[in-house]
Amino acid sequence: GDRIALPIVMNNIADIYRYLGQLDMARKYHEMSIDLTMETGNRKSEVTTRCDMAEILLENGRLSEAHDEITRSSALAEETGAKFEMGICHKVKGLYLCKVGKFAEALEEFGKAESIFSGMNNRRELARLYYEYALNFRAKGELMRAREYLEKAIDIFEAMGIKWVD
């Protein structure tokens, strides 16, 4: 049991370091988590951890490495038939495409993620995705559309009892 739960703990520690801006430490904990998921054969957890790692690499401007993690995680998600994890992969691929200026392709990936999360009625991931849509539109200079998606995200979060903090 502990070997299965430990990657989740490692990812939570990585998230804390990420939010503190200590991306190298976050990456270190994600790498430990990946090692454990590979050791235990927990492929779904490996997918989400690799997606988290890709986001950290994007934040560090390490686009090629981020692309490699996205490719690996997408292949794993397809191989395992992991629907939720595939949605996460589409979202992260959208983030990558936005970062490299391919906004139309980013929206296609976000749309695939939206379809998956809507079909699963996963409001939390939908709200997070709408926030990413907002960032994409802001990067394109489409501020009204950015605001529209940010408001959608806030509405969902508030319906879940989570208050938005500026």
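Located above this text is the structure these notes cover.
A brief look at the structure comes next. (Residues numbered from 1 in each chain as written. Predicted model: local features only at pLDDT ≥ 70, side-chain atom pairs only at ≥ 80, totals over all residues. Heavy atoms only, no water.)

**Here we look at the overall build of the protein**
Note the following rule: Secondary structure elements follow DSSP: runs of H or I of four or more residues count as helices, runs of E of two or more count as strands, with numbering from the N terminus. With C-alpha atoms as the basis for the radius of gyration, the globule rule is written as 2.2 Å multiplied by the number of residues raised to the power 0.38. For every residue, the accessible area (1.4 Å probe, protein chains only) is compared with the maximum for its type, and the residue is labelled buried under 20%, exposed over 50%, or partly exposed between those bounds. Any two residues having at least one pair of non-hydrogen atoms within 4.5 Å are treated as being in contact. With residues, only the protein chains shown are counted as cover, and all accessible areas are computed by Shrake-Rupley using a 1.4 Å probe.
Counting secondary structure elements, the protein contains eight helices and zero strands. Starting at the N terminus and walking to the C terminus, you meet the elements of the protein as α-α-α-α-α-α-α-α. Taking 15 Å as the expected radius of gyration for a compact globule of 166 residues, we find that the protein reaches 16 Å, a close match to that expectation. Dimensions of the protein, computed from the C-alpha atoms along their principal axes, are close to 45 × 35 × 35 Å. Relative to its full complement of 166 residues, the protein shows a buried share of 44%. Summarising the internal contacts of the protein: among those between residues at least 6 apart in sequence, 51% fall at separations of at least 24. Entry remark: accessible area of the protein is about 8900 Å², with carbon and sulfur atoms responsible for 51%.

**Some thoughts on the packing of helix α3 (residues 43-59) against helix α4 (residues 63-80)**
Quick reminder of the rule: In this analysis an axis means a line fitted to C-alpha atoms, helices contributing only their contacting stretch, and an angle means the value between N-to-C directions, from 0 to 180 degrees. Note on angle classes: values under 35 degrees are labelled roughly parallel, values over 145 roughly antiparallel, values of 65 to 115 roughly perpendicular, and the remainder oblique. Crossings are assigned a handedness: left-handed for a near helix turned anticlockwise from the far helix by less than a right angle, right-handed for a clockwise turn.
Axis separation between α3 and α4 bottoms out at 8 Å; the angle between their running directions is 160 degrees. Classified by the angle between their axes, α3 and α4 sit roughly antiparallel to one another. Pair α3 / α4 crosses with left-handed handedness. Packed against α3, whose contacting residues are Arg-43, Glu-46, Val-47, Arg-50, Cys-51, Met-53, Ala-54, Leu-57 and Leu-58, the element α4 presents Leu-63, Glu-65, Ala-66, Glu-69, Ile-70, Arg-72, Ser-73, Leu-76, Ala-77, Glu-79 and Thr-80 at the interface.

**Structural notes on the nonpolar core**
One recurring pattern in soluble globular proteins: nonpolar side chains tend to sit buried together. How we decide: Among buried residues, those of type Ala, Val, Leu, Ile, Met, Phe, Trp, Tyr and Cys that are joined through side-chain atoms within 4.5 Å constitute a nonpolar core.
Ranked by internal contacts, the top residues of the largest apolar core, which has 36 residues, are Cys-89, Val-92, Phe-117, Leu-129, Tyr-130, Tyr-133 and Tyr-149. Secondary-structure elements contributing two or more residues to this core are α3, α4, α5 (83-99), α6 (103-119), α7 (123-140) and α8 (143-159). Examining the composition of this core, we find that eight residues originate from one element, α5, more than from any other. Beyond its immediate sequence surroundings of up to four residues, Phe-117 is in contact with Phe-84, Gly-87, Ile-88, Asn-122, Glu-125, Leu-126 and Leu-129.

**A closer look at α4**
Selection criterion: By this rule the span expected of a helix is its residue count minus one, scaled by 1.5 Å. As used here, the arc is the angular range of directions from the helix axis to the C-beta atoms.
Between the first and last C-alpha of α4 there are 26 Å, a value that for 18 residues agrees with the 26 Å anticipated at 1.5 Å per step. Within α4, burial applies to Ala-66, Glu-69, Ile-70, Ser-73, Ser-74, Leu-76 and Ala-77. Summarising the axial view, the buried residues of α4 lie within an arc of 165 degrees, below the 170-degree limit, and thus occupy one face. Among the exposed residues of α4, those pointing more than 90 degrees away from its buried face are Ser-64, Glu-78 and Glu-79. Where α4 is buried, its residues meet α3 and α5. Positive phi appears at Gly-81, one or two residues downstream of α4, with a value of about 70 degrees.

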